[in-house]
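Structure at a glance
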Amino acid sequence: MRQVGRCRAHTNIALIKYWGKRNDELFLPMNSSLSLTLDAFYTDTEVVLDSDFTSDTFFLNDVKQDKKETEKITKFLNLFRNEVNMETKACVKSYNHVPTAAGLASSASAFSALAGAMNQASGLNLDPKTLSTYARRGSGSATRSIYGGFVEWYMGEDDLSETSHAIPVDDASWDIGMIVIAVNTGRKKLSSRVGMKQTIATSPFYSSWVETATSDLTKMKDAIKQKDFITLGEITESNGMKMHATMLGAFPPISYWEPDSVKAIQTVKEIRGMGIPCYVTMDAGPNVKVLCKASDMTKIEELLLKEFKREQIIPTTVGEGIKLLSDSEWNY
């Protein structure tokens, strides 16, 4: 028996952040979040199930991964295999078109693509809403990459896994763009998972963060409904800074920022002062994302080039949801 699934998934950047789990095993978040799916960064993944395989193997960008990384993939694939009473082993080949562990949401596209490919290969054929609950078990933010545009990750109820899923909010086809300022695309020293746990356990600001994130989400969804870009941007910037403030309040303090992160934030504020609406957000990494109008991206890029190198500035439009890839589209 040989069954194959291939899928592409794009990264997403949270505008209303997710920072902290209430259930580590099920990846259930402390608050609901909202993101924008990006076109420029994506992962292509192939899952081959074959009765001749004696163990799971995992290749990332054509490099065979070690036992520890492969065990993570096995645990995730078992979610699907257990549903269909399958013991067939898999060969997983994944190609990341996004720097890994650099705060650019590589895990979101990686596990969303893996979920889509395994959904096809296993024959489980879950609907997108249910599939998002599976993707979440690999990486919380992966639940949002199932869909394109603006996507909400509903936190769910109690410890009921099936209630925490992605919800498409809007296709973001109204002149929405983003520019990534790649300050440092190397692997970060402190993982998001460790940073989250440390923040929850020690930051006195954390409870207020959860409360305000909930109200921010309500306001954000209203701004999207009204296509109010200014309010959208203001909430995005405020929410991101509050998340990092909770980390600075942790013990010991956590900071993913580098000097060029601060320079990027200051530069964007100066550009905004020129009358071009643009707003910053940052995840668990030093790279700065600039939410802007797609029609303003060229002007903003030119101004950023006064402070940063061309290769550090990556413009992107809105990305689509997961897509199954045909043989002709699998160019690896």
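These figures come from a predicted structure and were not determined experimentally.

A few words on unusual backbone geometry. Here F251 and P252 are connected by a cis peptide whose omega angle stands at -10°. Among the secondary structure elements, P252 is positioned in the loop between α6 (229–248) and α7 (259–273). Despite not being glycine, N61 has its phi angle at roughly 50°, a positive value. Locating N61 in the fold gives a position in the loop between β5 (57–60) and β6 (63–64).

Direction vectors running N to C along helix α5 (residues 206–226) and α6 enclose 165°, while the axes themselves pass 10 Å from each other. Between α5 and α6, the angle is such that the two are roughly antiparallel. For the element pair α5 and α6, the recorded crossing hand is left-handed. Where α5 abuts α6, its residues Y206, W209, T212, A213, D216, K219, M220, A223 and I224 lie against T231, L232, I235, T236, N239, K242, M243 and T246. Residue classes in the contact of α5 with α6 are distributed as nine nonpolar, five polar and three charged.

Another point: the side chain of K289. You can see K289 is positioned in strand β12 (residues 288–293). Assessed through its relative accessible area of 0%, K289 is described here as buried.

Look at α7: 21 Å from first C-alpha to last across 15 residues, which is about the 21 Å you get at 1.5 Å a residue. By the burial criterion, the buried members of α7 are S261, A264, I265, T267, V268 and I271. End-on view of α7: buried residues confined to an arc of 165°, all on one side of the axis. Turned more than 90 degrees away from the buried face of α7 sit P259, E270 and G273, all of them exposed. For α7, the secondary structure elements touched by its buried residues are β10 (176–181), β11 (278–282), β12 and α8 (297–304). Positive backbone phi, at 100°, marks G275, one or two positions downstream of α7.

One pass over the structure, following the stated rule, counts 17 salt bridges. Its salt-bridge partner being D50, residue R2 comes within 3.2 Å of it at the nearest N-O pair. On the criterion of sequence distance, the pair formed by R2 in strand β1 (residues 2–16) and D50 in strand β4 (residues 33–50) is long-range, its members being 48 residues apart. Residue R6 is joined to E46 by a salt bridge in which the shortest nitrogen-to-oxygen separation is 2.7 Å. Of this pair, R6 sits in strand β1 while E46 is found in strand β4, placing the two residues 40 residues apart along the sequence. Exposure remark for E46: the relative accessible area of 9% places this residue in the buried category.

In the numbering used here, UniProt assigns the feature "domain: Mvd1 C-terminal" (unreviewed entry) to residues 179–316. A distance of 6 Å separates the end C-alpha atoms of residues 179–316, which is 54% helix and 13% strand.

Rules used throughout
Residues numbered from 1 in each chain as written. Predicted model: local features only at pLDDT ≥ 70, side-chain atom pairs only at ≥ 80, totals over all residues. Heavy atoms only, no water. Helix = DSSP H or I, 4+ residues; strand = E, 2+ residues; numbered from the N terminus. Axes fitted to C-alpha atoms, helices over the stretch in contact; angles between N-to-C directions. Parallel < 35°, antiparallel > 145°, perpendicular 65-115°, else oblique. Left-handed = near helix turned anticlockwise from the far one by under 90°. Contact = heavy atoms within 4.5 Å. Nonpolar A, V, L, I, M, F, W, Y, C, P; charged D, E, K, R; others polar. Buried < 20%, exposed > 50% of the residue type's maximum accessible area, 1.4 Å probe, protein only. Expected span 1.5 Å × (residues − 1). Arc of directions from axis to C-beta. Salt bridge = Lys/Arg side-chain N within 4 Å of Asp/Glu carboxyl O. UniProt positions renumbered as here; feature names shortened; annotations may be inferred.

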